[in-house]
Amino acid sequence: MDLDDIATRLGVPVGDIDRVHRLAGDRPSAPVPARADAPALLDRLAVRPDDAAEILAGWPDPDSTQWTPELRWLLDRSIALVRADLGGHEWLPPGPALPRERGPAWRHLYVYTYLALVEVAREYHRDHGVPDTVSWLTLADLGRNLAIDRRMQGEGWSVMQSWLTLHARGSVYELGRLQHHRGGTAIELHIPDSGPLTPAAVEASLDEARAFFPRHFPDEHYTAFACGSWLLDPQLREYLPADSNIVRFQRRFELEPYQEPDGLDADVEVVRFVFRTLTTPLDQLPRDTVLQRAVIDHLTAGRHWRWCRGRFPIQPDR
């Protein structure tokens, strides 16, 4: 198909389609699972019934009239694009943002990309001896992110679709309370929306990672845990109790000199994670928790949050 024509029909910039074509090339894709297997797979991936129903309604069956030739091309090449970088560590947009209001096939195209790559990821896990329990727990981040996107009324997916390619490529592993991201000399820590960030849960997850990576990726040598997050902003200590889980999490890290991150607005990210909205005015946000009140009061006062980076040695001082 002509790339200009594909871009026009999809309503996206031709440069975005050219990028998919360039990165995917003629590399192999992978099949989307059979519809008959989809309900059990979606359940295994912690996809809620309302999200699963939408996904099934847009399923890319061969005779589906929702799936135009340009949509089928993008699905096939987005799968190939992600698969070509199996084992890669960087964030990887699988394709252009689509007008999701056009229906389930458009709304969930990159979900079908992810589903096609589940067995590719699991084979990669098996090649590295990763237990099935870790494999499925990690891949089930799909359901969590779809639920968040639904709560955000579709405002969150443009970030989530790139984030989930890390799971599909074998780069991120959920070990207890934290997600651990391979690459470089430090294991990057991510904090999923999955309950209290207690010191005991954090320490147990770190201990699990200390054993996991040498066992399953012995050729990779990590010297530190690292994290980049608004949760590391020292300004939070002005509002939160010294014994709060967030402050105790912060104290593990030695912060790097602060630099304004490129292409990331910390104020937006704080509101995204604390309130799961990007459009609600500050004076209409809930003030039910100490953290919620801190975020609102800080921004209302004309101040700004920071996205800070820090690290600490992977082997603790005993």
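Residues numbered from 1 in each chain as written. Predicted model: local features only at pLDDT ≥ 70, side-chain atom pairs only at ≥ 80, totals over all residues. Heavy atoms only, no water.

Among the nonpolar cores identified, the biggest contains 50 residues, and L45, I55, L115 and L142 are the most heavily contacted of them. Apart from the residues lying within four places of it in its own chain, the contact partners of L115 are P33, L41, L42, L45, I55, W59 and L142. (Core = buried A, V, L, I, M, F, W, Y, C linked by side-chain atoms within 4.5 Å. Buried < 20%, exposed > 50% of the residue type's maximum accessible area, 1.4 Å probe, protein only. Contact = heavy atoms within 4.5 Å.)

For helix α7 (residues 109-127), built from 19 residues, the straight-helix expectation of 27 Å at 1.5 Å per residue is met to within 8% by its first-to-last C-alpha distance of 28 Å. Maximal helix bending in α7 amounts to about 40 degrees, located at L117. Most of α7 sits out of view: 15 of its 19 residues are buried. Among the residues trailing α7, G129 stands out with phi positive, at a value near 70 degrees. (Helix = DSSP H or I, 4+ residues; strand = E, 2+ residues; numbered from the N terminus. Expected span 1.5 Å × (residues − 1). Bend = angle between axes of the 7 residues up to and from the residue.)

Of the volumes computed, that of the largest pocket is approximately 1,400 Å³. Together, 50 residues line the largest pocket, and I191, S229, W230, F273 and W307 are the ones closest to its centre. Contributions of two or more residues to the lining of the largest pocket are made by α9 (141-151), α10 (157-168), β2 (178-181), β3 (186-190), β4 (224-229), α12 (245-250), α13 (266-275) and α14 (290-300). Residue contributions to the lining of the largest pocket peak at five residues, all from α9. Class assignment for the residues of the lining of the largest pocket results in 20 nonpolar, 16 polar and 14 charged. Residues from two domains meet in the lining of the largest pocket; each of domain 1 (3-170) and domain 2 (186-313) gives at least three. (1 Å grid on protein atoms, 1.4 Å probe; cavity = no way out; pocket = protein on both sides within 12 Å on 5 of 7 lines; lining within 4 Å. Points joined across faces, edges and corners; volume = space filled by probe spheres on them. Nonpolar A, V, L, I, M, F, W, Y, C, P; charged D, E, K, R; others polar. Domains from an automatic or database assignment.)

Here we take up the UniProt feature "domain: GNAT-like C-terminal" (unreviewed entry) in the protein chain. Mapped onto this numbering, the UniProt entry gives "domain: GNAT-like C-terminal" (unreviewed entry) at residues 177-312. Spanning residues 177-312, this segment combines 33% helix with 16% strand, and its end C-alpha atoms are found 18 Å apart. (UniProt positions renumbered as here; feature names shortened; annotations may be inferred.)

Attention shifts here to empty space enclosed by the protein. Following the criterion strictly, the structure yields one cavity of 30 Å³ or more and no others. By volume, the largest cavity is sized at about 80 Å³. Along the walls of the largest cavity sit twelve residues, with Y110, Y114, Q161, L164 and T165 positioned nearest its centre. Looking at the lining of the largest cavity, the element that brings in the most residues is α10, giving five residues.

What follows is about the pattern of salt bridges. If you walk through the whole model with that rule in mind, you get 26 salt bridges. For the salt bridge of D85 with R169, the shortest nitrogen-to-oxygen distance reads 2.5 Å. Linking D85 in the loop between α5 (69-83) and α6 (104-107) with R169 in the loop between α10 and β1 (172-175), this pair joins segments that are 84 residues apart in sequence. Look at D85 and you get partly exposed, because its relative accessible area is 31%. Assessed through its relative accessible area of 0%, R169 is described here as buried. (Salt bridge = Lys/Arg side-chain N within 4 Å of Asp/Glu carboxyl O.)

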